[in-house]
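Fold and geometry: a report
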Amino acid sequence: MNSTLALLQARLGKPYEDLEFLLVALKEILIENEEEEMASKVPLINEEHPMDRMNDREIQLYSLVFQLVNLVEINGAVQNRRRGEDQLMSDVTGLWADNLTQLKEAGFTPDDVKKELKKIQIEPVLTAHPTEAKRATVLEHYRELYLLMVQRENQMYTENEKFNIRHNIKLTLYRIWKTGEIYIEKPRVEDELNNVLHYMVNVFPDVIPILDRRLIQAWQFLGYDKDDLLVDHAFPHMTFGDWVGGDRDGHPLVTHEVTAHTLSQLRLNAFVVLRRRLNELVKRLSFSFHLSKASHQMQERMREMVHELGDRGLPAIERNKGEVFRQFVNLMITKLPVDTKRGHATALADLKGSYQRTEEMREDLELLQRELIEYGAKSIAYDDVFVAMRLLETFGFHLAKLDVRQNSAFHDKAVEQLLAATQMPKTDFSTWSEEERLAMLNKELESNRPFLPYNVTLGEEAGKVVAVYKVIESHVSRYGTEAIGSFIVSMTRSVSDLLVVYVLAREAGLTKQTDEGLVCVVPVVPLLETIDDLENGPKILEDFMAHPFTQRSLKYIAKEKGIPMMQQVMVGYSDSNKDGGIMASQWHLYKAQYKLSNIGRKHGIAIQFFHGKGGSISRGAGPTHYFIKALAHSALSGSIRITEQGETISQKYANKVNAVYNLELLAATTLLKTASDAREQEEFHPLAEILEFMAQESKKRYEELMRTDGFIPYFRQATPIDAIENSKIGSRPAKRTGANSLEDLRAIPWVFSWSQARCHMTSWYGIGSTLQLLQQSRPEDYQTFKTATRNDPFIRYVLTNVDTSLAATDEEIIGHYASLVEDADLRDKFLNMFLSELKLTKQHLNDLLERPIEDRRQNHYYSNELRASLMDKLHHNQVRLLGEWRKMKGHSESSDLEHVQTSLMLTINALAGAMRNTG
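Scope of this entry: the structure provided in the associated data block. Quick caveat: nothing in here was measured; it's all calculated off a predicted structure. (Residues numbered from 1 in each chain as written. Predicted model: local features only at pLDDT ≥ 70, side-chain atom pairs only at ≥ 80, totals over all residues. Heavy atoms only, no water.)

A count of helical and extended segments in the protein chain gives 39 helices and 13 strands. A compact globule built from 919 residues should have a C-alpha radius of gyration of about 29 Å, and the protein chain, at 29 Å, falls within 12% of that. If one aligns the C-alpha atoms of the protein chain with their principal axes, the spans along those axes are about 85 × 85 × 65 Å. Across the 919 residues of the protein chain, 61% fall into the buried class. For the protein chain, restricting intrachain contacts to residue pairs at least 6 apart in sequence, the fraction spanning at least 24 positions comes to 80%. (Helix = DSSP H or I, 4+ residues; strand = E, 2+ residues; numbered from the N terminus. Rg over C-alpha atoms; globule rule 2.2 N^0.38 Å. Buried < 20%, exposed > 50% of the residue type's maximum accessible area, 1.4 Å probe, protein only. Contact = heavy atoms within 4.5 Å.)

Below you can see the structure in the form of structure tokens.
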């Protein structure tokens, strides 16, 4: 072993040992299957092979190795947390025990904490942006491998049993090796939905009970009585959202038929989850207790259920005679509105006596819980039945709330087509002034009369909007609004962009006449994405919330759902970063949320922020607990929605232990932040003036780069952006409209392409020169900022993310990709700009944080070193392939071009795995 590997082994410890174990196992299984040559090329355990021209199988080998690195590191982190909790439960930062301890030390009583716990509303929203580079089949194999590695940790097994585990590990590795990693054809939206359903059905229902149990254990760790939590039902409200099948912003494949299919699949699978839990209850409630001994209320309800079910009622109650609790649950299972074949729910079926509303099922579970307590089985009532109640609260009859997103320009075209179809004299709605738009919209919103009579032919945009809204109306009229999240308007520029949605909703029957006036039954949500949007957001929200139609609608929705009035606002991390760089993006997000929260309070309406974050630093990633603590005062108020995109879903939730950890970080830190803000005096950021200066200056530097002549040609030649645009890793197009401009390019491929070239400029460019200017022109402020890096949550969060990005950046690799730029002057100009800014940024980070990165982020640093040692060959091969592919386009036989493109996709996939994110 060379000295570098010896150092990495010493620093990384057990994860490195586990990696060696897996690599040796991989080598053995390759040899056993007569692939000796490939076995000799497994890195780290063989002599180094020069691979200037890697073939596809060699690239795939390295891709597999990077996934194994990810796996052993996740397992290592899990084991470290377990050891920490074994010593002292509150020692693991960000989890229930840690945050409850902090609240106790701050003077919160158990009753105070219970009150805050009941306010907490967490909703991760799963999306399928084109960021997941691995096929779902491959993810399944990796999940199996992880479980086998966990099994290997168990000390109870004999040597023979350990040999068998090792054998199974080798077989799983070989299955991965023989399975194609990349999408040959673009996945369909339905494929992406199936991936989301996997987590909703097979992961989260098992995770929620563990999350609750960990809260109970932390509660007891502090010496509190667990019955306080259970009797008061003082648990955070956890639900899930879904964008797959509803998000149509620039996604022509999400048709109204796809949305209808999505709603149907979500509803069916909600009953799969509930039926599975009720079947478990039947197995566990095997108590000998005759129906005649049950309470009058229980007997009466069971007679009622049998009558409601008609012919299906008697067989249900006839089973398990003498075991009344089982009989009761049998009736509940029969009341689920599904058809079953071979014991599995296979289709929706609104049969006689079926549950219509979740409240009906909740009341039956509450009755069952009370009856068990009266019987003397309190432990079962507050465990097995409690779990069923929590799953019903979490998934309802809808599994996840489906949002429908579309951009404001699309809506404008739809309105123009509606005006044209009704032969209005003036139809160019998108060119009207805001005053003209508002005058027309306000007049229309006085009446529930739609624009169009039945069966009028509509233009393309109007037809698509009305068709999907009619799908929503059909679902709402049958099942209520439980399954619908909101109508989200991306690129919200003015209040008229939001009022337009009310008018469009009216065309599909989604408005309703009430005593107080016309209302919309589905919430309308602005999405503030760019820096300009964030700056204009407070004025837009003020006008929107002051509008009588909005006020009536929010009041109606709150009354229907039995909750306080709430307005959701979505804030985007991707486009704001693409606009002005990381500091400007983060500061404008902070300011906007502070101001928007105050506007909500002024109107007596809670603001729920929906954070549109991605998997990379440039798109809002970073440690969850750091992120939440860094939010502006009162920007949380107990309620948060947050997107989980692409590869982030599998990284966080593929393994249930890790899934519990990530959801616990989110819920526990939301509790801490909400409770702390409620006690502390509200104030804007104490260093607002310095941060404003830094945001403006860094944005100026970032924009100078983007506006420099030749930037677009440099970007398109010095990164694999063109190859990414041709990839098959997601159903969504890389561009919104197909125009070949930076503005039209989605933020995801923008970030993805820079990360492939190990530049990561989107998360550090402009920081170094801004800090240099601050130090030279305002030395006292620089020192103040430096002091704040030790304890200010917002500054720590931003700098930690910049630091993470710098650690993954490589000057030599940036230069290698720059060699693809044909114009030498252009290449040298931009390469010098990048390297100069990178050098300055590293210098100032080292000064501000006062320790070299290998000390301050040891695990992260040495993990990057390990990956970098393996990535060099892939980078060199990707650069070679890019050059060949670009020369061949338009000149070569399609089969030759296709072969090079496939090899190129393999390098993109492998490097994405190595860096643990795409876009």
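A large share of strand β10 (residues 524-528) lies buried, amounting to 5 of its 5 residues. With burial as the criterion, each face of β10 is covered, one bearing V524, P526 and L528 and the other bearing V525 and L527. Bridge count for strand β7 (residues 484-490) against β10 is 3 bridges, and the pairing is parallel. When the sheet's bridge partners are listed, V489 is paired in β10 with P526. Two elements, β10 and strand β11 (residues 566-572), share 2 bridges in a ladder whose sense is parallel. Residue L528 lies in a different strand from β11, and its bridge partner there is V571. (Pairing = 2+ DSSP bridges.)

For helix α15 (residues 358-375), spanning 18 residues, the distance from its first C-alpha to its last is 26 Å, which sits close to the expected 26 Å at 1.5 Å a residue. Burial in α15 covers these residues: T358, E360, M361, D364, L365, L367, L368, Q369, E371 and L372. Residues of α15 that are buried sit in contact with α11 (256-284), α12 (296-309), α14 (324-334) and α16 (378-395). After α15 finishes, the residue G376 shows a positive phi value of roughly 110°. (Expected span 1.5 Å × (residues − 1).)

Turning next to the packing of aromatic side chains. Inspection of every chain in the model, using the stated rule, returns 38 aromatic pairs. Ring centres of Y714 and F830 lie 5.2 Å apart, and the angle between their planes is 35°; this geometry places the pair in the tilted category. Of the two residues, Y714 is situated in helix α29 (residues 711-718) and F830 in helix α36 (residues 824-849); the sequence distance between them amounts to 116 residues. Of the two residues, Y714 and F830, both sit in the buried class. Geometrically, the ring pair formed by Y861 and Y862 is edge-to-face, given 4.9 Å between the ring centres and 85° between the ring planes. Aromatic rings pair up to connect F711, Y714, F715, W750, W754, W764, Y765, F830 and F834 into one cluster. Taking NZ or CZ as reference, R641 lies 4.5 Å from the ring centre of F610, over its face. Between the NZ or CZ atom of R778 and the centre of the ring of F693, over which it lies, the distance is 4.5 Å. (Phe/Tyr/Trp six-rings, centres within 6.5 Å; stacked < 30°, edge-to-face > 60°. Lys NZ or Arg CZ within 6 Å of the ring centre and 35° of its normal.)

Turning to the environment of E47, a few remarks are in order. The topology assignment puts E47 in the loop between α3 (36-39) and α4 (56-87). With 732 residues separating them in the primary sequence, E47 and P779 have C-alpha atoms 52 Å apart.

Between its terminal C-alpha atoms helix α19 (residues 460-479) stretches 29 Å, which fits the 28 Å expected from 20 residues at 1.5 Å a residue. Taken together, the buried positions of α19 are E461, A462, V465, V466, A467, V468, Y469, V471, I472, H475, V476 and Y479. Looking at the buried side of α19, the elements it contacts are α11, β6 (401-407), α17 (408-421), β7 and α20 (495-507). Looking one or two residues past α19, G480 carries a phi angle of roughly 90°, positive in sign.

Here we come to the nonpolar core. Judged by nonpolar contacts, the single largest core of 223 residues is most densely connected at Y469 and F834. With 16 residues, helix α9 (residues 189-221) is the largest single contributor of residues to this core. Setting aside residues up to four positions removed in sequence, Y469 forms contacts with V404, H411, F487, V501, L504, A505, A508 and L510. If you look at the next biggest cluster of nonpolar residues, it comprises 69 residues, including V65, L820, L897 and V900. (Core = buried A, V, L, I, M, F, W, Y, C linked by side-chain atoms within 4.5 Å.)

Glancing now at unusual backbone geometry. Most peptide bonds are trans, and most residues other than glycine sit at a negative phi. Positive phi, close to 70°, is recorded for S634, a residue that is not glycine. In this fold, S634 is placed in the loop between α25 (624-629) and β13 (639-645). Its relative accessible area of 15% is what places S634 among the buried residues. A positive phi angle is found at S637, which is not glycine, with a value near 50°. Structurally, the position occupied by S637 is in the loop between α25 and β13. Assessed through its relative accessible area of 46%, S637 is described here as partly exposed.

A few words now on the pairing of β7. In terms of burial, β7 is largely enclosed, as 7 of its 7 residues are buried. Note: β6 against β7, 5 bridges, orientation parallel. Paired with N407 across the bridge in β7 is S490.

Okay, the packing of α17 against α19 next. The interhelical angle for the contact between α17 and α19, taken along N-to-C directions, is 100°, at an axis separation of 7 Å. Comparing their axes, α19 and α17 come out roughly perpendicular. Along its contact with α17, which presents F410, H411, K413, A414, Q417 and L418, the element α19 presents E460, E461, A462, K464, V465 and Y469. Here the residues of the contact of α17 with α19 sort into 6 nonpolar, 2 polar and 4 charged. (Axes fitted to C-alpha atoms, helices over the stretch in contact; angles between N-to-C directions. Parallel < 35°, antiparallel > 145°, perpendicular 65-115°, else oblique. Nonpolar A, V, L, I, M, F, W, Y, C, P; charged D, E, K, R; others polar.)

All right, on to the pattern of salt bridges then. Counted according to the given criterion, the structure contains 77 salt bridges. Of the charged contacts in the structure, one is a salt bridge between K114 and D232, with a shortest N-O distance of 2.7 Å. Taken together, the residues span a long stretch of sequence, with K114 in helix α6 (residues 110-119) and D232 in helix α10 (residues 226-232) at a distance of 118 residues. For K114, a relative accessible area of 7% translates into the label buried. A salt bridge links K652 to E644, with the nearest nitrogen and oxygen atoms 3.2 Å apart. We classify K652 as buried; its relative accessible area is 19%. (Salt bridge = Lys/Arg side-chain N within 4 Å of Asp/Glu carboxyl O.)

Here we take up the environment of G322. Position of G322 relative to the elements: it lies in the loop between α13 (313-318) and α14. For G322, a relative accessible area of 21% gives the class partly exposed. The sequence separation of G322 and N75 amounts to 247 residues, and the corresponding C-alpha distance is 47 Å. Once residues lying within four places of it in the same chain are set aside, the contact partners of G322 are F287, S288, F289, H290 and Q327.

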